[in-house]
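The residues making up each chain are set out below.
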Amino acid sequence: MDDTDTQPIAVATAQPNLAPRIRVALVDDQELFVYGMRMLVESQPDLELIGTAADGEEAVELVVAERPDVVLMDIRMPGLNGIAATRRILEAAPYADETGPRPRIVMLTTFRQDEAVLQAMHNGASAYVTKDATPEMLLDTIRAVHAGDAPAMPVGRIARGAAPAVAPAEIAPRPDLAIAALSPREREIFLLAAKGLRNSEIAAAAFVSEATVKTHVRNVLAKLELSSRAQIVVFAYEHRLVTG
């Protein structure tokens, strides 16, 4: 039999290793898009597609039952949309009481400048990818958010032009007061992370190891009561801690 008929999609793949595969769930109501995404994910030796859902209600059931590592979630779907589904998933047991690792939710959107994407970040999404992104960018985003790193598509792109969700009265007169609970080193890491830098880039800029960066990022998230790297970026823009 001719092996050329059974070759996987020609996308650069991660090198196989002994680490468990990243378990991915896909939520989208467009069958053709789901088919293409399934082929892409299943072509990667370090990824596993554990299930699909066509709307938000199905997504909640799928994620709570199967406990994927990463969820690719369409924002706009019939019935329960992706934003509401994200909120329900993260409020559901075992995630609400933190008895299990929280899934990283990547929003799928048609538009780069989208208030709905920003709203999704406020509700716990870790990143977003536009549906016209390259396969390499999507795969990079899956791996990055799973590793707790910055996503491939910078969240600052949507945070810059969006109306802030924080009311003006809630913004500290001095922006630096918003991060007063952080140590000097944590503030440094916070501001670098708010620029969308990856762990390796932050480590190089701060002259520390990537492991140290991860520890500081975890501390920053806990002290500011944030749930993702994306929320660091949004928080920084809304409190005028970064510009441009």
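Below: a short report on this structure.

Secondary structure assignment for the protein yields 10 helices and 5 strands. Nonlocal contacts in the protein, meaning residues at least 24 apart in sequence, comprise 68% of its contacts between residues at least 6 apart. When the accessible surface of the protein is summed, it comes to about 12,100 Å², and 53% of that surface belongs to carbon and sulfur atoms.

Moving on to the nonpolar core. M73, M107, M121, F190, L224 and I232 are the most contacted members of the largest nonpolar core, which has 55 residues in total. Element by element, the count of residues in this core is highest for helix α10 (residues 229–238), at 7 residues. Contacts of M73, omitting those with residues within four sequence positions, involve V27, A59, G82, A85, T86, I89, I105, V106, M107 and L108. Within the second largest apolar cluster, 20 residues are counted, among which are L26, V34, L47 and L49.

Most of strand β2 (residues 47–53) is tucked away: 5 of the 7 residues are buried. Alignment of strand β1 (residues 22–27) against β2, held across 6 bridges, turns out to be parallel. Its bridge partner being in β2, R23 is matched across the sheet by E48.

The topology assignment puts S227 in the loop between α9 (210–224) and α10. C-alpha separation for the pair S227 and M121, spaced 106 residues apart in sequence, amounts to 9.3 Å. Leave out the neighbours within four places in its chain, and S227 touches R102, R104, G124 and L221.

Overall, the coordinates contain 1 aromatic pair when judged by the stated rule. Relative to F235, the ring of F190 lies with its centre 6.1 Å away and its plane at 90°, an arrangement referred to as edge-to-face. Highlighted residues: F190 in helix α7 (residues 184–194) and F235 in helix α10, separated in sequence by 45 residues.

The rules we used
Residues numbered from 1 in each chain as written. Predicted model: local features only at pLDDT ≥ 70, side-chain atom pairs only at ≥ 80, totals over all residues. Heavy atoms only, no water. Helix = DSSP H or I, 4+ residues; strand = E, 2+ residues; numbered from the N terminus. Contact = heavy atoms within 4.5 Å. Areas by Shrake-Rupley, 256 points an atom, 1.4 Å probe, with all protein chains shown as cover. Core = buried A, V, L, I, M, F, W, Y, C linked by side-chain atoms within 4.5 Å. Buried < 20%, exposed > 50% of the residue type's maximum accessible area, 1.4 Å probe, protein only. Pairing = 2+ DSSP bridges. Phe/Tyr/Trp six-rings, centres within 6.5 Å; stacked < 30°, edge-to-face > 60°.

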